[in-house]
Each structure stands twice: as C-alpha cells, then as structure tokens.
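Listed below, chain by chain, are the residues.
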Amino acid sequence: MVREYGRTISEGPTPADAAGAPALPYPSGWSALAFSHELRPGTVLTRPLAGRDVVLYRTATGVLRAVRPYCPHLGAHLGLAKVEGEDLTCPFHFFSFGPDGSCVRTGYGTPPPRSPLTQLPVQEANGGVFVWRHHDGRDPDWSVPRWHEIGHRPARTAAWELAGNVQEVIENSVDLGHFATLHGWAKAEIDGPVAYDDAKFHVAMRAHESAPLMGDFTVDVKVDGYGLGCLHADVHTPRFGLRMCTMVMPTAIGPNRMQFRQLNRISFDEPGRLPPGLARLVSRTAARLLDRPVFRSSCEFTAADFPIWHHKQYQQPPRLASGDGPIGPFRRWAKRFYPEAPGRTAVTRPHRGEGEDSAVLS
Ligand code: FES
Ligand SMILES: [Fe+2]
C-alpha cells in the first residue's frame, strides 16, 4: 500500500491523525507469528507481538519453541542465536539452552547457571504457528483446533503489514453490509444468528453473485472465529464445484499496527456424472490449473479491506443502521479479550513517520 503523494492534497486520507493513541489495547489470546513452513528444523525467526519481539525456533528433531528474546546471561538478542541439535546457542558467550529452556552449557566449559529462557506457549495448527499472550499472564484456556485439509495441493500463503487493529479484521465477518458495498456481492444473507461460545463464534452466510458470461450464482460461506487472531472460512461455490478453505490471521504487533496472514487451500468437487477415475482427474486438473488464480482472487478480495483498515479509526459507539450486520453483539463478545472495556484503555504509541506504510512480507 504505497501512498501516492503525487496526488492533489485534497484527495484521499493522509496520515495526519496517525500519531493519536489507538482506541483498543492489545487483545489476549493466540496470535499467528509465522507459517509452519517458515520454521524448518534449525530455523530461528524473530517476530513482533504486542510491542515486543518473540523468538521462534525449531530444533533438529522438530520441537517448536517460542521464547522472550533476551539471553538471561548478559542480554544478547536470541534472534541471532543458532539451533544446535536440540539446543539454542546464544551468539555472545555461547551459552546453550535445552528444549525445556534450561541452560545446559556455557561457552567456557563451566557449570551452567540456573537461569532459564522465558518460554511462551506456542501451538501449531493448520499450517500456522500461534503464540499465546494474555494481559493477566494466565496460561492458555482455549486453543485453535485442527481442521480438515481439503484438496491435494500445498497451501498457498501471503502476509502483509499495515495499520489497524485486529478486532476490526475479525469484525469484518459479521459486517454484512460491506460485502455488497466494498466487495461487490450482489446480495448477502446471514444464515441464522451468530453463535458465540466462549472464545469462539460461528456464522454462516450466503452470497449471491453475478459475473459476465457466467450469470448468477451463489456462494456459501461458513466462518469460525477463534479469539481475535484466527478465522477459518469455508467458501463453497456449488455452481463450479469450487471449495476454498481459508485461514485468516491478524496479529497485533504494535500500537494500531498489525501483520496479516492468510493461508488458502482449494479443491474441486468430482463431477458426479463422470466415471470415478475420470471425475478424480477432472477435479485434480482443475485444482492444479486454478490454484494460483483462485488464490490471487481471494487475496484481492481480502485486500479490498486494507485501505479501509489502514486509515480508519475505531468507532465506539458505532452509529449503526438497518442493513448492517450484527456488530453490537460481536463487540460485546470481543470485550472478553481485553483487560477492560475497549475505549477506556489506550496504549501510548510512537510517532509514525514516513516509510512505515505496509510491506509485503512473503
Ligand atoms: S549474553 Fe547470551 S551467552 Fe552471554
Ligand atoms: Fe476449511
């Protein structure tokens, strides 16, 4: 999202209000910091979460760990560390730490001190790596479940960084009105009330779309949300036999700043009128040929929201109107992820200078 400073000054939003304090604090729960494929054995990655670095690493046998970044010895950043077998070795004085976080070796051959790394809860699900953070320091009391892997092709992934808060990304799924206005659906209907259950919610929708040469068709969308960091959307277009499974993962990295990850898989229904072997071939060939364009189209759909999120403020209370989705109940549910009611707590933010606009990460 590159700002076009060549345009006349009266066009488009400017960053003038960006130095203001964000309206929402960091939400608690699981946040995606990486895709699983980024963390092969031996990899060390540093990722931001809620204003602090988290170091992720995977040992030679595949054990995944998330730790606070500073070495307990003299504070070197462990994003510069190396995985050696099952241990993480600090680059400064070569102290090594085992998978349980304890110091197992010094670089001097002397007895290791009893000063462990600070480990953070980490889980892998559906191709995402999630780290737990709670404002009151509690251990995880829910998790992101594993779900189906549709199709036979590897998942496609993308990540972006932009301004905004993660709640508004998740809120998007119940903002029924914007699917027609911003995304161009001819009509969107919500299928029953949104079901909230502790840290989860479920909503089903049907979209009516129309395209040149293809005419009218419907798209069935089932969305499951897990906290304010993960959405699972199953999108089925019966007319074309297309199924798309999407995982959307917004992560708060700093005040009013987020990274946004998306992972997609697709499959095509096997045509029932064909013999099984041929039906399978048709389904797989369609997936192979259309995997990339469908992913591109899905990313374009998602990216239609980016300029909105990047420049908007959190409007509380919103001035809702007939035709909006059930945003009020969603906001009441979302309060559980904050230390106190949104709008009453603000975190200070540094001045946002030029050059901090979004960048594609992968
Ligand atoms: S600072 Fe890490 S070993 Fe000394
Ligand atoms: Fe799915």
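Residues numbered from 1 in each chain as written. Chains lettered and ligands numbered in written order. Predicted model: local features only at pLDDT ≥ 70, side-chain atom pairs only at ≥ 80, totals over all residues. Heavy atoms only, no water.

(A) How the structure looks around the overall build of the protein. Looking only at helices and strands, one finds five helices and 19 strands in the protein. Looking at the protein residue by residue over its 362 residues, the buried ones come to 47%. For the protein, restricting intrachain contacts to residue pairs at least 6 apart in sequence, the fraction spanning at least 24 positions comes to 56%. Accessible surface computed for the protein: about 18100 Å², of which carbon and sulfur atoms make up 53%. (Helix = DSSP H or I, 4+ residues; strand = E, 2+ residues; numbered from the N terminus. Buried < 20%, exposed > 50% of the residue type's maximum accessible area, 1.4 Å probe, protein only. Contact = heavy atoms within 4.5 Å. Areas by Shrake-Rupley, 256 points an atom, 1.4 Å probe, with all protein chains shown as cover.)

(B) Molecular detail of a nonpolar patch on the surface. A surface patch of nonpolar side chains, about 350 Å² in accessible area, is lined by Leu213, Met214 and Phe240. Structurally, methionine 214 can be placed in the loop between β15 (200-211) and β16 (215-226). (Patch = residues over 30% accessible without salt bridge, like charges linked within 9 Å, V, L, I, M, F, W, Y side chains within 5 Å. Salt bridge = Lys/Arg side-chain N within 4 Å of Asp/Glu carboxyl O.)

(C) The sheet that holds strand β10 (residues 122-125), seen in detail. If you trace the three strands from one edge of the open sheet to the other, you get β1-β11-β10, paired in antiparallel fashion. The open sheet terminates on both sides in strands that have one partner only, identified here as β1 (29-35) and β10. In this sheet, adjacent strand axes meet at a mean angle of 35 degrees when their direction is disregarded. Both β10 and strand β11 (residues 128-133) contribute to a ladder of four bridges, which runs antiparallel. Across the sheet, valine 122 pairs through a bridge with valine 131, a residue of β11. (Pairing = 2+ DSSP bridges. Axes fitted to C-alpha atoms, helices over the stretch in contact; angles between N-to-C directions.)

(D) Quick look at the coordination of the iron ion (ligand 2). On the protein side, the iron ion (ligand 2) has His148 (NE2), His232 (NE2), Asp234 (OD) and Cys245 (SG) as donor atoms, found 2.0 to 2.3 Å from it. Around the iron ion (ligand 2), the four donor atoms are arranged such that angles at the metal cover 105 to 113 degrees; this shape is classified as tetrahedral. Read in sequence order, the donor residues coordinating the iron ion (ligand 2) give the pattern H-x83-H-x1-D-x10-C. (Donors = N, O, S within 2.8 Å, 3.2 Å for Na, K, Ca; no water. Tetrahedral: all angles 85-135°; square planar, octahedral: opposite > 155°, others 65-115°.)

(E) The arrangement of the environment of tyrosine 196 in detail. Topologically, tyrosine 196 is positioned in strand β14 (residues 195-197). Under the relative-accessibility criterion, tyrosine 196 is labelled partly exposed at 28%. Setting aside chain neighbours within four positions, we find tyrosine 196 in contact with Val174, Phe201, Pro326, Pro329, Phe330 and Trp333. Within the local environment of tyrosine 196, its side chain forms a polar contact with the backbone nitrogen of phenylalanine 330, the two atoms lying 3.4 Å apart. (Polar contact = N/O pair within 3.5 Å; in protein donor to acceptor, adjacent residues only side chain to side chain.)

(F) Here's a closer look at the nonpolar core. With 80 residues, the main nonpolar core has Leu56, Phe130, Val144, Phe201 and Leu228 as its most contacted residues. Ranked by the residues each element gives to this core, the list is headed by strand β18 (residues 242-254), at seven residues. Both domain 1 (29-133) and domain 2 (156-337) contribute no fewer than three residues apiece to this core. Not counting residues within four places of it along the chain, the set of residues in contact with phenylalanine 130 comprises Trp30, Ser31, Ala32, Pro121, Val122, Gln123, Ala125, Val144, Gly229, Cys230, Met247 and Met249. Formed by 15 residues, the second largest nonpolar core is a distinct cluster that contains Leu78, Phe97, Cys103 and Leu117. (Core = buried A, V, L, I, M, F, W, Y, C linked by side-chain atoms within 4.5 Å. Domains from an automatic or database assignment.)

(G) Layout of the pattern of salt bridges. Under the defined criterion, the tally for this structure stands at 16 salt bridges. Between glutamate 124 and arginine 58 there is a salt bridge, and its shortest N-O distance comes to 2.7 Å. Within this pair, whereas glutamate 124 is found in strand β10, its partner arginine 58 is found in strand β3 (residues 52-58), the two being separated by 66 residues in sequence. According to the relative accessible area criterion, glutamate 124 is partly exposed, its value standing at 23%. Its relative accessible area of 8% is what places arginine 58 among the buried residues.

(H) Region of interest: the confidence of the model for the protein. When pLDDT is averaged along the protein, the result is 89; 89% of the residues meet or exceed 70. Counting contacts from residues 342-362, a segment whose pLDDT is below 50, to residues more than four positions away or on other chains yields 53 contacts. (pLDDT = per-residue confidence, 0-100.)

(I) Examining the pairing of strand β2 (residues 44-49) more closely. Here six bridges tie β2 to β3, and the two strands are oriented antiparallel to one another. Pairing of leucine 45 across the sheet is with leucine 56, part of β3. Counting the residues in the hairpin turn of β2 and β3 gives two residues, including alanine 50, whose phi is positive at 50 degrees.

(J) Inspection of the side chain of asparagine 165 at higher detail. Topologically, asparagine 165 is positioned in the loop between β12 (156-163) and α1 (166-171). For asparagine 165, a relative accessible area of 14% puts it in the buried group. There is a polar contact of 3.1 Å between the side chain of asparagine 165 and the side chain of glutamate 168. Leaving out residues up to four positions away in the same chain, asparagine 165 has contacts with Leu24, Asn256, Met258 and Tyr314.

(K) Summary view of helix α3 (residues 276-303). With 28 residues, α3 extends 38 Å from end C-alpha to end C-alpha; this agrees with the ideal 40 Å at 1.5 Å per step. The largest bend in α3 amounts to roughly 55 degrees and is located at leucine 290, with the proline proline 293 lying one to four residues further along. Where α3 is buried, its residues meet β12, β18, β19 (257-268) and α4 (306-311). (Expected span 1.5 Å × (residues − 1). Bend = angle between axes of the 7 residues up to and from the residue.)

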